[in-house]
Structures are given as structure tokens and as C-alpha cells.
Amino acid sequence: MIGFETDLQDLRDSAGALQDAADAAATASNGLRGTDVPVSGGGSGLFGGIAGMLPVDNAFGRSLGMPSVAAAYDDHLAKIQKLVAQLHRTTADTSHALLRVADLYEQADEDSKQHVNRAAAGLEGN
């Protein structure tokens, strides 16, 4: 490229690698869905699991009575899902930006070549 020290293929390869990472983040984000643990399963324990008094159904066991642990897990999971979704968006955006930069560099290079050719043609005509 005239005037640039950047290999366009490197930019495009980087953009492709970032898009692969964005796709992996999207897959991870989708994989996190449905992994929440219900704090109460409705109907477990005596009298249907009266909140705070009787055991509830959750991933931590029917008789363990750990609704606070289940709620903390769900809160942590929600934060992780948000971060992974953000990772997906920012990685995909960066990939698209690198492709756009490569396109702009390519266009600038082509414009420079045309300008040089026009200037050379003008000199030859004199």
C-alpha cells in the first residue's frame, strides 16, 4: 500500500479471528440460558413450602433449605450473562470496525494510485 504500513490481509484476518471470538461468546451466552435455579419449586415440603419456614426445591436440594444461596447463584448468573453478552457485542463491533478500516485503507490506497497515475500522465504530456 502506498503510504500505509499496514497489510490489509492482516486487518481482515484479525477481523475474522475477532468474529470467531464473537461467535464463541454468542454460543456461550446462549449456553447460559436456562441454567438458573428456582428459589422455590412450588409445592415442595410441608404445606407447599412456606417461604423461609420449610424446605424449597432448588439446585441445592429439596431439604437443604438454601433459598439465599439459590438467589445468590441466580444473581451471579445474571451478571455473568450480561458480561458475556457485552463481550459478544464489543467483539463483533471490533471485528466490523477492522473490516471497515481495511476497506477505507484499500480505498485510500486506490485513490493514491490514481492520483499518482494522473500526475505522471500530466508530466508525460508536458
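Residues numbered from 1 in each chain as written. Predicted model: local features only at pLDDT ≥ 70, side-chain atom pairs only at ≥ 80, totals over all residues. Heavy atoms only, no water.

Student: For a nonpolar patch on the surface, give the residues involved together with the corresponding values.
Tutor: Residues Leu64, Met66 and Val69 make up a contiguous nonpolar surface patch of about 230 Å² in total accessible area. Counting through the fold element by element, Met66 comes out in the loop between helix 1 (8-32) and helix 2 (67-125). Here Met66 falls in the partly exposed class, since its relative accessible area comes to 31%. (Patch = residues over 30% accessible without salt bridge, like charges linked within 9 Å, V, L, I, M, F, W, Y side chains within 5 Å. Areas by Shrake-Rupley, 256 points an atom, 1.4 Å probe, with all protein chains shown as cover. Salt bridge = Lys/Arg side-chain N within 4 Å of Asp/Glu carboxyl O. Helix = DSSP H or I, 4+ residues; strand = E, 2+ residues; numbered from the N terminus. Buried < 20%, exposed > 50% of the residue type's maximum accessible area, 1.4 Å probe, protein only.)

Student: Residues and numbers for the pattern of salt bridges, please.
Tutor: Tallying each qualifying case throughout the model produces four salt bridges. With a shortest N-O distance of 3.1 Å, Arg12 and Glu106 are connected by a salt bridge. Residue Arg12 is found in helix 1, and its partner Glu106 is found in helix 2; the two are separated by 94 residues along the sequence. One salt bridge connects Lys79 with Asp75, and the closest N-O pair in it is separated by 3.3 Å. In this pair, Lys79 and Asp75 both sit in helix 2, four residues apart, roughly one turn of the helix. When its relative accessible area of 42% is taken as the criterion, Asp75 is described as partly exposed. Via salt bridges that share partners, Arg12, Asp103 and Glu106 belong to a single interconnected network.

Student: Account for helix 1, naming residues and giving values.
Tutor: Here helix 1 contains 25 residues, and its C-alpha end-to-end distance of 36 Å stays within 8% of the 36 Å for a straight helix at 1.5 Å per residue. Inspection of helix 1 places Leu8, Leu11, Ala15, Ala22, Ala25, Ala26, Ser29 and Leu32 among the buried residues, and these make up the whole buried set. A distance of 3.2 Å separates the backbone nitrogen of Gln9 from a side-chain oxygen at the start of helix 1, and that oxygen is part of Asp7. Once helix 1 finishes, Gly34 follows within two positions and takes phi at roughly 80 degrees, a positive value. (Expected span 1.5 Å × (residues − 1). Polar contact = N/O pair within 3.5 Å; in protein donor to acceptor, adjacent residues only side chain to side chain.)

Student: Which residues make up the side chain of Ser95, and what are the values?
Tutor: Structurally, Ser95 can be placed in helix 2. For Ser95, a relative accessible area of 2% corresponds to the buried category. Those residues in contact with Ser95 that lie beyond four places of it in its chain are Ala15, Leu18 and Gln19. (Contact = heavy atoms within 4.5 Å.)

Student: Go over the confidence of the model for the protein with me, naming the residues and quoting the values.
Tutor: Per-residue confidence for the protein averages 80 on the pLDDT scale, and 75% of its residues sit at or above 70. Here residues 43-50 is modelled with pLDDT under 50, and outside its nearest four sequence neighbours on either side it reaches eleven contacts, counting other chains as well. (pLDDT = per-residue confidence, 0-100.)

Student: Any chance you could break down the side chain of Thr91 for me, citing the residues and the numbers?
Tutor: Position of Thr91 among the secondary structure elements: in helix 2. Filtering out sequence-adjacent residues up to four positions away, Thr91 remains in contact with Leu18, Ala21 and Ala22.

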